[in-house]
Amino acid sequence: MALILRGVTHRFGETKIFEDLDLQVEEGCFCCIVGPSGCGKSTLLRIIAGLYRPVKGEVLLDNKPPSLDKGEIGFVFQEDALFPWFTVEENIKFGLRARKVDKSSWGQIIEHNLQKVGLADYRDYYPSQLSGGMKQRVAIARVLAYNPKLLLMDEPFASLDSLNRNMLQTELIDLWAREKKTILFVTHNIDEAVFLAERLIVMGSKPGRIKRVLDINLPRPRNRTDTEFCRNRRSILEIIES
């Protein structure tokens, strides 16, 4: 297992978020988390990243506590979180500098990752000159540049229109198929989860808990109008609503 959570308990004040939550994610798995608002999906990612410290329990990545500072974990947020005064290339450099990547390799790394996300011709552009989808591609490239073991994504496409969202979903799957990163992807969108996930975690709330873990055994590329796709989507909705 790449990622293991054992007995994770967390509270905000008197409000219980999780109680003895267990989770295992295999290396190279694309795993989506769905559930109602307030069930703790985003909080769970922040605990895994080390941004929040749980009241009880442990988080292990490759059998040891993970380190965000060492570049073992990459985090892509709902908003692109780019620095508006930096160009695309400078935003990626910032991530490399923060993770103390050898400066002599920056040029090659930046070129390689801009090619990955289709933005090699936009290295000198500022975020204000890019579309929402392009900014999220830069955010993904910035994270991939320092080669994290685990990629956490917190509704990264939620603010995009449906056309751009569908396009970036396809690009992300293509990227995952090449890189085989372990990905934990939070979404409210069941269609998105069925399109992306190999494994799907359905959460319940009050307190946050894992209701079901499902394997999505659909061939790729996936067709959103296919009968089995629709059946999976309907089944997940029924689990969430039950």
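Keep in mind it's a predicted model, so treat the numbers as computed, not measured. (Residues numbered from 1 in each chain as written. Predicted model: local features only at pLDDT ≥ 70, side-chain atom pairs only at ≥ 80, totals over all residues. Heavy atoms only, no water.)

(A) Structural context of empty space enclosed by the protein. Enumeration over the complete set of coordinates arrives at 1 cavity of 30 Å³ or more. Around the largest cavity sit Leu144, Leu151, Leu172, Leu175, Trp176, Glu179, Lys181 and Ile183, which together line it. Here the element with the most residues in the lining of the largest cavity is helix 5 (residues 162–179); it accounts for 4 residues. Here the lining of the largest cavity is built from residues that sort into 6 nonpolar, no polar and 2 charged. (1 Å grid on protein atoms, 1.4 Å probe; cavity = no way out; pocket = protein on both sides within 12 Å on 5 of 7 lines; lining within 4 Å. Points joined across faces, edges and corners; volume = space filled by probe spheres on them. Helix = DSSP H or I, 4+ residues; strand = E, 2+ residues; numbered from the N terminus. Nonpolar A, V, L, I, M, F, W, Y, C, P; charged D, E, K, R; others polar.)

(B) Layout of helix 7 (residues 227–241). Here helix 7 is 15 residues long and its end C-alpha atoms lie 21 Å apart, about the 21 Å a rise of 1.5 Å per residue gives. Of the positions making up helix 7, those classed as buried are Phe229, Asn232, Ile236 and Ile239. Angularly, the buried residues of helix 7 cover 90 degrees about the axis, an arc narrow enough to put them on a single face. Turned more than 90 degrees off the buried face of helix 7, the exposed positions are Thr227 and Glu241. The secondary structure elements touched by the buried residues of helix 7 are strand 3 (30–34), helix 6 (190–196), strand 8 (199–204) and strand 9 (209–215). By the N-cap criterion, in which a side-chain oxygen at the helix start approaches the backbone nitrogen of a residue two or three places on, helix 7 is capped by Asp226, the distance to Glu228 being 3.0 Å. (Expected span 1.5 Å × (residues − 1). Buried < 20%, exposed > 50% of the residue type's maximum accessible area, 1.4 Å probe, protein only. Arc of directions from axis to C-beta. Contact = heavy atoms within 4.5 Å. Polar contact = N/O pair within 3.5 Å; in protein donor to acceptor, adjacent residues only side chain to side chain.)

(C) A look at the sheet that holds strand 1 (residues 3–12). Spatial strand order, 2-1-4: 3 strands in an open sheet with antiparallel pairing. Looking at strand neighbours, the two that pair on one side only are strand 2 (15–25) and strand 4 (56–61), the edges of this open sheet. Pairs of neighbouring strands in the sheet enclose a mean axial angle of 20 degrees, with direction left out of account. Looking at chain direction, strand 1 and strand 4 are connected through 5 bridges and run antiparallel. (Pairing = 2+ DSSP bridges. Axes fitted to C-alpha atoms, helices over the stretch in contact; angles between N-to-C directions.)

(D) Molecular detail of the side chain of Glu72. Take Glu72: it is sitting in the loop between strand 4 and strand 5 (73–76). Using a relative accessible area of 11% as the deciding quantity, one classes Glu72 as buried. Here Glu72 is in contact with Leu61, Lys64, Pro65, Pro66, Ser67, Pro148, Lys149 and Leu150, once residues within four sequence places are set aside.

(E) Representation of the environment of Gln78 in the model. Residue position: Gln78 is located in the loop between strand 5 and helix 2 (88–98). The exposure class of Gln78 is partly exposed, given its relative accessible area of 34%. As a C-alpha pair, Gln78 and Thr225 span 147 residues in sequence and 27 Å in three-dimensional space. Other than its neighbours up to four places away in sequence, Gln78 contacts Gln136, Asp154, Glu155, Pro156, Ala158 and Ser159.

(F) A look at the nonpolar core. Membership of the largest hydrophobic core comes to 49 residues, with the highest contact counts inside it found for Phe30, Ile92, Leu96, Met153, Phe185 and Ile236. Here the element with the most residues in this core is helix 4 (residues 132–144); it accounts for 7 residues. (Core = buried A, V, L, I, M, F, W, Y, C linked by side-chain atoms within 4.5 Å.)

(G) Inspection of the packing of helix 4 against helix 5 at higher detail. In the contact formed by helix 4 and helix 5, the axes pass within 11 Å of each other and the chain directions differ by 20 degrees. One finds that helix 4 runs roughly parallel with respect to helix 5. The chirality of how helix 4 crosses helix 5 is right-handed. When helix 4 is examined against helix 5, the residues Gly133, Gln136, Arg137, Ile140 and Leu144 are found in contact with a partner set consisting of Met167, Leu168, Glu171 and Leu175. (Parallel < 35°, antiparallel > 145°, perpendicular 65-115°, else oblique. Left-handed = near helix turned anticlockwise from the far one by under 90°.)

(H) Layout of the pairing of strand 6 (residues 150–154). Counted residue by residue, strand 6 has 5 buried out of 5 residues, so it is predominantly covered. Both faces of strand 6 are covered, namely the face carrying Leu150, Leu152 and Asp154 and the face carrying Leu151 and Met153. Following the chain from strand 6 across helix 5 to the adjacent parallel strand 7 (residues 182–186), one finds a crossover that is right-handed. (Right-handed = clockwise from strand over helix to strand, strands pointing away.)

(I) Main features of the layout of surface pockets. Quantified by volume, the largest pocket comes out at close to 310 Å³. Those elements giving two or more residues to the lining of the largest pocket turn out to be strand 5, helix 2 and helix 4. In terms of residue count, strand 5 provides more of the lining of the largest pocket than any other element does, 4 residues in total. Considered as a void within the structure, the second largest pocket measures approximately 260 Å³ in volume. Every residue along the wall of the second largest pocket is listed here: Ile47, Ile48, Ala49, Gly50, Tyr52, Arg53, Pro54, Gly57, Glu58, Val59, Pro65 and Pro66.

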